[in-house]
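Observations on chain architecture
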Amino acid sequence: MKVSERNFTRRIDLTSLQLFVAVCELGSIGKAAEREFIAASAVSKRLSDLETTLDTPLLYRHTRGVDLTPAGESLLHHARSVLFSLEKMQGELSEYADGVRGHVRVHASISAIVQFLPEDLGAFIRDHGGVKIDLEEHLSTEVVRAVREGAADLGICNASALTTAGASELQSLPYRQDQLVLIVPAGHPLSGRGALPFEDSLDFDHVGLHANSSIYLAMHQAATQSGRAIRLRIHVTGLDAMCRMIHNGLGVGVMPRRAFELMHGVGDLDCVPLTDAWAHRQIDLVARDFTTLPVTARALVDHLGRDAPGAMAAAE
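For the rest of this paragraph, the subject is the confidence of the model for the protein. On average, residues of the protein carry a pLDDT of 87, and 91% of them reach 70 or more. Mean pLDDT values over the elements of the protein span from 40, in helix H14 (residues 311-315), up to 95, in strand S11 (residues 280-287). Here residues 310-316 is modelled with pLDDT under 50, and outside its nearest four sequence neighbours on either side it reaches twelve contacts, counting other chains as well.

Written as structure tokens, this is what we have:
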């Protein structure tokens, strides 16, 4: 770090940043002072000192309150990021004081969460009781973005999302494989088929997942290649909701076979295997650099990757 950069970080006061954010959120120095239990003159002085430090005006002051200058808008973005990171740091460090010996942030796709992670993470926690795992469900492309931006230590998602998101700089390891199947109501014209290409389902209405989900994107591409369109009746955000919609006659849908098998009793439904190559999917572990992950995160990666060679047999 250059001398000028060190001096800059020393001159930035966190309390002033907090007050600046409060003023921006409330649009008034007086209201911010009232909320933060500090005199309005003190708030005004801190903001003036901050502008002097940065050598640029941050606020337009007028009788109705304040508005942000372009520089103020930029500072607000960075100030919120800094304060959020400090809150996260405080929360994680307090967990160590309470006996937690590691913290791993994981973002995963719904397919991985429904099919594999409950058992896999449960087994890991039984062997590593002092480790805390924060798990969030996201679309595969969002999982990749979270890993790239540092919001997650580890991502678990469809391998194709790395290509879709243009994330060649990230590293990946095999986790599991799954197979997509067509879900239809019992007695449906397609329910008696042993296996079929996805194109054969395009004569019927569909219940689809989120438009940006890896499953729906694969379906859309397959339909386009066949020169047809998906007759989409409704988008849903969860696999259980999809099953209920299909059970009630709103269409057919595509989901992972194991996820369907785990949802016992969600409607009177049948599953038909898809013969398309894209229906056989690879689910990967994703990180910016596996070798630089914290010790607890590397232990989790080792645990999750342990069964990768036999993953397809387990999925089927």
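A few words on the side chain of Arg281. Counting through the fold element by element, Arg281 comes out in strand S11. On the basis of relative accessibility, which here comes to 8%, the residue Arg281 falls in the buried class. For Arg281, the side chain forms a polar contact with the side chain of Ser111, separated by 3.1 Å.

Once that is clear, we can look at the pattern of salt bridges. One pass over the structure, following the stated rule, counts 15 salt bridges. Salt-bridge contacts for Arg35 lead to Glu25; the nearest nitrogen and oxygen are separated by 3.3 Å. With a gap of ten residues between them, Arg35 in helix H3 (residues 29-36) and Glu25 in helix H2 (residues 14-26) connect regions that are remote in the sequence. Judged by relative accessible area, Glu25 falls into the partly exposed class, the value being 42%. Its salt-bridge partner being Asp153, residue Arg105 comes within 2.9 Å of it at the nearest N-O pair. Taken together, the residues Arg105 in strand S3 (residues 102-108) and Asp153 in the loop between helix H8 (140-149) and strand S5 (154-158) connect sequence positions 48 residues apart. You can call Asp153 buried: its relative accessible area is 14%.

Another aspect to go through is the nonpolar core. Counting residues in hydrophobic clusters, the biggest one holds 33 residues, and the most contacted among them are Leu182, Phe198, Val254, Met255 and Leu274. Taken together, the elements giving at least two residues each to this core come down to strand S6 (171-185), helix H10 (214-225), helix H11 (239-247), strand S9 (253-256), helix H12 (257-262) and strand S10 (269-273). Once residues lying within four places of it in the same chain are set aside, the contact partners of Phe198 are His206, Met219, Ala222, Ala223, Ile230, Val254, Leu274, Asp276 and Trp278. With 23 residues, the next largest nonpolar core counts Ala108, Tyr175, Leu293 and Ala297 among its residues.

Using the criterion set out here, one finds two aromatic pairs in the structure. Relative to Tyr175, the ring of Phe116 lies with its centre 6.0 Å away and its plane at 85°, an arrangement referred to as edge-to-face. You can see Phe116 sitting in the loop between helix H6 (110-115) and helix H7 (117-127) and its partner Tyr175 sitting in strand S6, a full 59 residues away along the chain. Like Tyr175, Phe116 is buried. Taking 5.5 Å as the distance between ring centres and 75° as the angle between the ring planes, the aromatic pair formed by Phe198 and Trp278 counts as edge-to-face. In this pair, Phe198 is assigned in the loop between S6 and strand S7 (205-208) and Trp278 in the loop between S10 and S11, connecting sequence segments 80 residues apart.

Moving on, we get to H11. Taken as a whole, H11 has its buried residues at Leu239, Met242, Cys243 and Ile246. Angularly, the buried residues of H11 cover 100° about the axis, an arc narrow enough to put them on a single face. The elements touched by buried residues of H11 are H6, S6, S7, S9, H12 and S10. Directly beyond the C-terminal end of H11, a positive phi value near 85° is found at Gly249.

Moving on: the environment of Val143. Mapped onto the elements, Val143 comes out in helix H8. Val143 has contacts with His107, Ala108, Ser109, His138, Gly155, Ile156 and Cys157, leaving out every residue within four places of it along the chain.

Moving on, we get to a nonpolar patch on the surface. On the surface, a cluster of nonpolar side chains totalling about 310 Å² of accessible area is made up of Leu14, Val82, Leu86 and Met89. By residue number, the principal contributor to the nonpolar patch is helix H5 (residues 70-97), which donates three residues. Residue placement: Val82 occurs in helix H5. Residue Val82 is classed as partly exposed on the basis of its relative accessible area, which comes to 36%.

Calculation notes
- Residues numbered from 1 in each chain as written.
- Predicted model: local features only at pLDDT ≥ 70, side-chain atom pairs only at ≥ 80, totals over all residues.
- Heavy atoms only, no water.
- pLDDT = per-residue confidence, 0-100.
- Helix = DSSP H or I, 4+ residues; strand = E, 2+ residues; numbered from the N terminus.
- Contact = heavy atoms within 4.5 Å.
- Buried < 20%, exposed > 50% of the residue type's maximum accessible area, 1.4 Å probe, protein only.
- Polar contact = N/O pair within 3.5 Å; in protein donor to acceptor, adjacent residues only side chain to side chain.
- Salt bridge = Lys/Arg side-chain N within 4 Å of Asp/Glu carboxyl O.
- Core = buried A, V, L, I, M, F, W, Y, C linked by side-chain atoms within 4.5 Å.
- Phe/Tyr/Trp six-rings, centres within 6.5 Å; stacked < 30°, edge-to-face > 60°.
- Arc of directions from axis to C-beta.
- Patch = residues over 30% accessible without salt bridge, like charges linked within 9 Å, V, L, I, M, F, W, Y side chains within 5 Å.
- Areas by Shrake-Rupley, 256 points an atom, 1.4 Å probe, with all protein chains shown as cover.

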